[in-house]
Amino acid sequence: LKATAQHLSAFSHAGGPLPSSTPGTRLGARAVMAGKRANAGAKSAGRQDNAASKSAGKKDNPASKSAAPSSGGGSSSLAAPVGIGSLVVLAAGALLVIFWSSSLLPDEGPASHGAAPPSSVVKGFEPFSAGRGLLEHFSREHNESLLWGTFRPGVLFGVKSRTTPEAVVAGLMWSSVAATGDRVDTTKLRHTCEESDTNQGLKFGFSEHDGSSYGKQPISDPGNKLSLQTYFLKRSPHSWAMRVSGNTSGKKKKVLYFYLGIDQEFVGAMASSGKLRLSIEQSAGAGAAVAMRGSTPSLGDFRLWLVPGEGVLPAASGLQVVTWAAPKGTPIVGIKDALIKGLRATSDGQHATLLQEASTEADAAASPVLVAQIVVQGDFEVDFVFEGSSAVAALKAEGAMAEMSGVRLSEQLDTASTTFRKRFEDTFGLKGKGADQIEFAQAAMSALLGGLGFFYGSSKVKESGSDDLQKTPPSPLFTAVPSRSFFPRGFLWDEGFHQLLVGRWDPGLSRDVIAHWFGLMRDDGWIPREQILGGEAVSKVPDWAVPQHPTHANPPTFLLAIEALVERARAQNGSGPVDA
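Keep in mind it's a predicted model, so treat the numbers as computed, not measured.

Thresholds applied
- Residues numbered from 1 in each chain as written.
- Predicted model: local features only at pLDDT ≥ 70, side-chain atom pairs only at ≥ 80, totals over all residues.
- Heavy atoms only, no water.
- Helix = DSSP H or I, 4+ residues; strand = E, 2+ residues; numbered from the N terminus.
- Contact = heavy atoms within 4.5 Å.
- Areas by Shrake-Rupley, 256 points an atom, 1.4 Å probe, with all protein chains shown as cover.
- Pairing = 2+ DSSP bridges.
- Phe/Tyr/Trp six-rings, centres within 6.5 Å; stacked < 30°, edge-to-face > 60°.
- Buried < 20%, exposed > 50% of the residue type's maximum accessible area, 1.4 Å probe, protein only.
- Lys NZ or Arg CZ within 6 Å of the ring centre and 35° of its normal.
- Axes fitted to C-alpha atoms, helices over the stretch in contact; angles between N-to-C directions.
- Parallel < 35°, antiparallel > 145°, perpendicular 65-115°, else oblique.
- Nonpolar A, V, L, I, M, F, W, Y, C, P; charged D, E, K, R; others polar.
- Core = buried A, V, L, I, M, F, W, Y, C linked by side-chain atoms within 4.5 Å.
- Salt bridge = Lys/Arg side-chain N within 4 Å of Asp/Glu carboxyl O.
- Patch = residues over 30% accessible without salt bridge, like charges linked within 9 Å, V, L, I, M, F, W, Y side chains within 5 Å.

Draft legend 1. Expanded view of the overall build of the protein. In terms of helices and strands, the protein carries 17 helices and 20 strands. Considering only contacts in the protein between residues 6 or more positions apart, those separated by 24 or more positions represent 69%. Summing over all exposed atoms, the protein offers an accessible surface of approximately 25800 Å²; the carbon and sulfur share of this is 52%.

Draft legend 2. Summary view of the pairing of strand 6 (residues 226-236). Summarising the sheet, strand 5 (residues 214-221) and strand 6 pair through 8 bridges and their orientation is antiparallel. Across the sheet, the residue bridging to Tyr214 is Leu233, located in strand 6. In this antiparallel pair of consecutive strands, strand 5 and strand 6, the connection spans 4 residues, and Lys225 shows a positive phi of 50°. Pairing geometry for strand 6 and strand 7 (residues 239-247), over 9 bridges, is antiparallel. Residue pairing for strand 7: Ser236 is matched across the bridge by Ser239. Between strand 6 and strand 7, which pair antiparallel in sequence order, lie 2 residues.

Draft legend 3. Highlighting the packing of aromatic side chains. Counted under the stated rule, the structure contains 17 aromatic pairs. Taking the centre distance of 5.4 Å and the plane angle of 90° together, the rings of Phe266 and Tyr456 count as edge-to-face. Of the two residues, Phe266 sits in the loop between strand 8 (254-263) and strand 9 (277-282) while Tyr456 sits in strand 15 (residues 453-457), which places them 190 residues apart along the sequence. Judged by its relative accessible area of 29%, Phe266 falls in the partly exposed class. Plain terms: the ring middles of Phe420 and Phe424 are 6.2 Å apart, the flat faces sit at 35° to each other, and that makes the pair tilted. In this pair, Phe420 and Phe424 are both assigned in helix 12 (residues 406-428), 4 residues apart and thus about one turn of the helix distant. The residues Phe420 and Phe424 share a single accessibility class, namely buried. Site record: aromatic cluster; members linked through ring pairs are Trp148, Phe232, Trp240, Phe302 and Phe386. Taking the ring centre of Phe478 as reference, the NZ or CZ of Arg162 above it sits at 4.6 Å.

Draft legend 4. Expanded view of the packing of helix 14 (residues 492-505) against helix 15 (residues 507-518). Between helix 14 and helix 15, the shortest axis-to-axis distance is 7 Å and the interhelical angle comes to 160°. On the basis of the axis angle, helix 14 is roughly antiparallel to helix 15. In this structure, helix 14 contributes Leu492, Glu495, Gln499, Val502, Gly503 and Trp505 to the contact, and helix 15 contributes Pro507, Leu509, Ser510, Val513, Ile514 and Trp517. Split into classes, the residues belonging to the contact of helix 14 with helix 15 amount to 8 nonpolar, 3 polar and 1 charged.

Draft legend 5. Main features of the sheet that holds strand 11 (residues 300-308). Sheet architecture is open: 8 strands sit in the order 4-5-6-7-14-11-10-9, paired in antiparallel fashion. For this open sheet the edge positions go to strand 4 (208-209) and strand 9, each flanked by a neighbour on one side alone. Packed onto the sheet, helix 12 meets strand 4, strand 5, strand 6, strand 7 and strand 14 (379-387) and runs at close to 85° relative to strand 6.

Draft legend 6. Representation of the nonpolar core in the model. In terms of nonpolar packing, the biggest core is built from 55 residues, with Leu452, Phe478 and Trp517 touching the most fellow members. Here Phe478 is in contact with Leu146, Phe151, Arg162, Leu452, Gly453, Phe454, Leu509, Asp512, Val513, His516 and Trp517, once residues within four sequence places are set aside. Judged by nonpolar contacts, the second largest core, of 43 residues, contains Val168, Ala325, Leu370 and Phe380.

Draft legend 7. Summary view of the pattern of salt bridges. Evaluation of the coordinates by the stated rule reveals 21 salt bridges. Among the ionic pairs, Asp383 bridges to Arg243, the shortest N-O distance being 2.7 Å. One end of the pair, Asp383, is in strand 14; the other, Arg243, is in strand 7, and 140 residues separate them in sequence. The exposure class assigned to Asp383 is buried, which follows from its relative accessible area of 2%. With a closest N to O distance of 3.9 Å, Arg423 and Asp506 form a salt bridge. Linking Arg423 in helix 12 with Asp506 in the loop between helix 14 and helix 15, this pair joins segments that are 83 residues apart in sequence. Residue class for Arg423 comes out partly exposed when judged on its relative accessible area of 29%. Overlapping salt bridges bring together Arg190, Asp197 and Asp221 as one network.

Draft legend 8. Spatial organisation of the side chain of Asp197. As for its placement among the helices and strands, Asp197 is situated in helix 7 (residues 195-198). Owing to a relative accessible area of 13%, Asp197 belongs among the buried residues under this scheme.

Draft legend 9. Spotlight on the environment of Trp493. Here Trp493 lies in helix 14. Given a relative accessible area of 37%, Trp493 falls into the partly exposed group. Sequence spacing of Trp493 and Pro555 is 62 residues, and the spatial spacing of their C-alpha atoms is 6.1 Å.

Draft legend 10. Summary view of a nonpolar patch on the surface. On the surface, Trp493, Phe497, Leu500 and Leu560 cluster together to form a nonpolar patch covering roughly 350 Å² of accessible area. With 3 residues, helix 14 is the largest single contributor of residues to the nonpolar patch.

And the structure:
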């Protein structure tokens, strides 16, 4: 901290006093830049800067001991007009110390996941290289621990890989089947988190979630007379399972649509290179489980198995499960519309009916999204087991399914739930509260952690005095969201408050989020306040609200999260008790 402060002082005096009109976000950029220069060594500052630093240190020490900086016309850089700026500089400098000295961030070279690939600089938008470089300092172990998660806050139940420019996604849709036995009510086809559905009684939200490897979410859908329990569990960085269990409230049939796809929005020529592949390896029949197979440059080969519980699937036109391939070029954001069109194509084009026949191998090979139609009735349980390349090599298909489905998965979910509740008590110490209060607190935190999302894309920026929109270079963002149904995307000042809680639960997770936000900083220090990155995020925003304006800024609430991280780290290092 002392060495960093010296270099920050050298930078401040070499560059002159920070102007009072500079917003906090720009001062934060200066702080990160100062840390970058500090890391480069004292030579970059020059002999004159070093001398100025020593001289300034003697003059500033008495001022720093005073209760408040003078509001008079003194020449000190800590005068009132720039006092907040100095706080930003020191706090952000301390954050750099955390990033470069934390045991979670060893110097193991560039990370393989999360960081954006090199891209040309868009005219008028200079990315701040020091901010983006923070992602490179996370260890491989850390990145792999967050390779997969429920990082699609805008859908009711989904999973996504933290890979760029392509990402593999999985998700779930469901609806009711008419009494005739084959017609699907598309007006009640659930997929994304919508305010209109919650206004009609739909309830969702994680009751338990640890932010990375485990989540439990009850869903109540009175419109479809359906109750669901959804689970996510990660066994290893490359192996996970999703479970959907529920009850259809009587003998009426319901239909689930599970899909696995590759988000190709930003892959360019890679889409036709043959490097992105999906196929149906095994269709349902004779008691066999459905198996889907795929490959991407970021993930290598992978497989996913659909494993229904015994005796829970009624026949649907003679088939328990029907696999369907979305048309070539279907974007992930358009999968629901594509499915509805496919359901209508099975009849007269006006009414949606259950899929009758599986797609051909040729159609599946050309499709970016594969869908499995599952008709359920009464009590049901379906597991979806994913194995990445390393796991596939180590386990046969039968072994993988047995380990992560059925009774074995139930046991692991029980263990994960117990671990979560113990960790929650160890972290927050609410044992003296009532059971209902503790359950409420767990759900409140889980809703935040379950709302973490991984986005990739460009912001549209409208400079002052110009009618033209400019696109920023595509960049990744890992962030929590204010609302899964209304604001399922990142907001700058909301995130500072979010990280106060996330940082207490998992400091490494919080540092990851903050590093991603700093990576979006422009060279002049500005960060677009609302991050609308990628098709799924754009689809939830009216056109007029998409452009971001450099004259619009948010209060620098990341200072609160950074301060809490610093204070907590200081306390753990034996510097005395800290109320954080």
